[in-house]
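Each chain is listed here by its residues.
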Amino acid sequence: GFVPGLFGTSHGALQFMAYEDLKERYNKYRNRVSDTKLNTVEYIMMAAVSKIFAVAATYPYQVVRARLQDQHNTYSGVLDVIRRTWR
């Protein structure tokens, strides 16, 4: 589970990337300067949407990692976990 665990670091990066992109697009849509600060509701919405995106993108790797770390099953590798999980 160590190698798939390394992919966990991408979660924060994806969330930050999505948040910044959403903020920039939203400010452009509202005809504001791209670094204009968001109000509280806008901030919460951008944070929530970016978190949902990051979770959806990284959740499958978390399943693989958890199954590889399970001491009650034996897998021959990552592809075996994916194949058996899919089945």
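Described below are features of the structure shown in this document. (Residues numbered from 1 in each chain as written. Predicted model: local features only at pLDDT ≥ 70, side-chain atom pairs only at ≥ 80, totals over all residues. Heavy atoms only, no water.)

Remarks on helix H3 (residues 40-69)
And step 1. Of all the bends in H3, the largest measures some 40° and sits at Thr 58, one to four residues before the proline Pro 60.
And step 2. Within H3 the residues assigned to the buried category are Glu 42, Met 46, Ser 50, Ala 54, Thr 58, Tyr 61 and Val 64. (Bend = angle between axes of the 7 residues up to and from the residue. Helix = DSSP H or I, 4+ residues; strand = E, 2+ residues; numbered from the N terminus. Buried < 20%, exposed > 50% of the residue type's maximum accessible area, 1.4 Å probe, protein only.)

Let's talk about the pattern of salt bridges
And step 1. Counted under the stated rule, the structure contains four salt bridges.
And step 2. The shortest N-O distance in the salt bridge between Asp 21 and Arg 25 comes to 2.8 Å. A residue pair is termed a helical-turn pair when its members lie 3 or 4 positions apart in one helix, as Asp 21 and Arg 25 do in helix H2 (residues 9-29) at four residues.
And step 3. Taking relative accessible area as the criterion, Asp 21 reaches 35% and is therefore assigned partly exposed.
And step 4. Across the pair Arg 84 and Asp 80 runs a salt bridge whose closest N-O atoms are separated by 3.4 Å. Of the two residues, Arg 84 and Asp 80 both sit in helix H4 (residues 78-86), four residues apart, roughly one turn of that helix.
And step 5. For Arg 84, a relative accessible area of 36% corresponds to the partly exposed category.
And step 6. One salt-bridge network, held together by shared partners, links Asp 80, Arg 83 and Arg 84. (Salt bridge = Lys/Arg side-chain N within 4 Å of Asp/Glu carboxyl O.)

Remember, this is a structural readout, not a statement about activity or role.
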